[in-house]
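A structural walkthrough
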Amino acid sequence: MSHEPGSIDAVQELLAGEAYVCGRPLATLVFLALRLGRPLFLEGEAGTGKTEIAKALAAALGRKLIRLQCYEGLDAASAVYEWNFAEQMIAIRTAEAAGGADRTALKAELFTEEYLIARPLLQAMRPQPGGAPVLLIDEIDRTDAPFEAFLLEALSDFAVTIPELGTIAAPERPIVILTSNRTREVHDALKRRCLYHWVEYPDFEREMEVLAARVPEASDRLSREVVAFVQRLRTEDLFKRPGVAETIDWAKCLLALDMMELSPQVIADTLGALLKYQDDIAALQGSEAARILDEARGALAAG
Ligand SMILES: Nc1ncnc2c1ncn2[C@@H]1O[C@H](COP(=O)(O)OP(=O)(O)OP(=O)(O)O)[C@@H](O)[C@H]1O
Ligand SMILES: [Mg+2]
């Protein structure tokens, strides 16, 4: 297990070791989140490394990653714990078959750890090898307000009460990272508990660094063309702009096709790695891809 990083530089190095490129502002917030024990709230465009940083941080610190994937209708039971009804039923039937089930004894036995299914929040409150786990609460904007309120409470106490068992408190605060794609605004009360960072698309230099870390087999020339094209493409009026994830995918596709450089034809053939909406793909038909490529090359030549 590594120790908590002692500086912002150390955070950047630690994450770089997991092939995660972290700019100084984000590294500063990660450093502070670790130092102050505050949750980190990351909001931003899709595919810009919000989820990945939790994975990279857990791996770098040698901590367990516990992920709570949010979705519409997620409730406390699925987030914290559930009783294993099926197993409880079997235990009841078995006791009945053996005759003379003592109701009180049976009830006490049915509501023990053995029949408890720990969901992510409860798992995060339990001691983990290597120290407090990284708790990733992913895409919180997909849940509803009641769940958010519930989460607010769980995050302030870091304890979970199970009526039949009592209160389970985390021995050490988990490292909490929340992400949102901002399909709706998350409530101020929850944000106020957290350190906040808006994750932007990376600039040219940083996206080159990401490609170097994630697709090292791509030549510098191909990477520069790919990044310049994607950067230029993001300024177009698109329904869904490509994220860093798409840049990486696209570079891998081009490599798989043995492409050394871009051409309008190659772009048209592989656009599905970059754009995922038919309207956006259609908008790049004809001379559009060639125009954007020209502009991207112009920007490269201008340095
Ligand atoms: N800064 C970065 N350094 C290294 N890889 C990155 C970085 N940002 C993004 N990536 C790559 O992009 C992929 C997608 O990132 P991730 O899943 O974290 O995006 P996200 O912001 O959570 O997107 P979504 O909102 O769609 O969930 C990652 O698997 C990783 O390979
Ligand atoms: Mg994500």
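Check the entry above for the structure.
The structure reproduced in this document is the subject of the present report. (Residues numbered from 1 in each chain as written. Chains lettered and ligands numbered in written order. Predicted model: local features only at pLDDT ≥ 70, side-chain atom pairs only at ≥ 80, totals over all residues.)

A few words on helix H11 (residues 220–233). Over its 14 residues, H11 runs 20 Å from end to end, which matches the ideal 20 Å to within 8%, given 1.5 Å per residue. Turning to H11, its buried residues are Ser223, Glu225, Val226, Val227, Ala228, Phe229, Val230 and Leu233. (Helix = DSSP H or I, 4+ residues; strand = E, 2+ residues; numbered from the N terminus. Expected span 1.5 Å × (residues − 1). Buried ≥ 20, exposed ≤ 12 C-beta atoms within 10 Å, placed from the backbone.)

Inspection of the region around ligand 1 gives 18 residues, with Gly49, Lys50, Thr51, Glu52 and Ala245 positioned closest. When contributions to the shell around ligand 1 are tallied by element, the ones reaching two or more residues are helix H3 (50–61), helix H10 (204–214) and helix H12 (244–256). Class assignment of the residues belonging to the shell around ligand 1 gives a composition of nine nonpolar, six polar and three charged. Lining the shell around ligand 1 are residues from two domains, each supplying at least three of them: domain 1 (8–72 + 121–199) and domain 3 (204–294). (Near = placed C-beta within 6 Å. Nonpolar A, V, L, I, M, F, W, Y, C, P; charged D, E, K, R; others polar. Domains from an automatic or database assignment.)

Checked against the element boundaries, Leu152 lands in helix H8 (residues 145–157). Residue classification places Leu152 among the partly exposed residues on the basis of 15 C-beta atoms within 10 Å. Through-space distance from the C-alpha of Leu152 to that of Leu190 is 5.7 Å; in sequence the pair is 38 residues apart.

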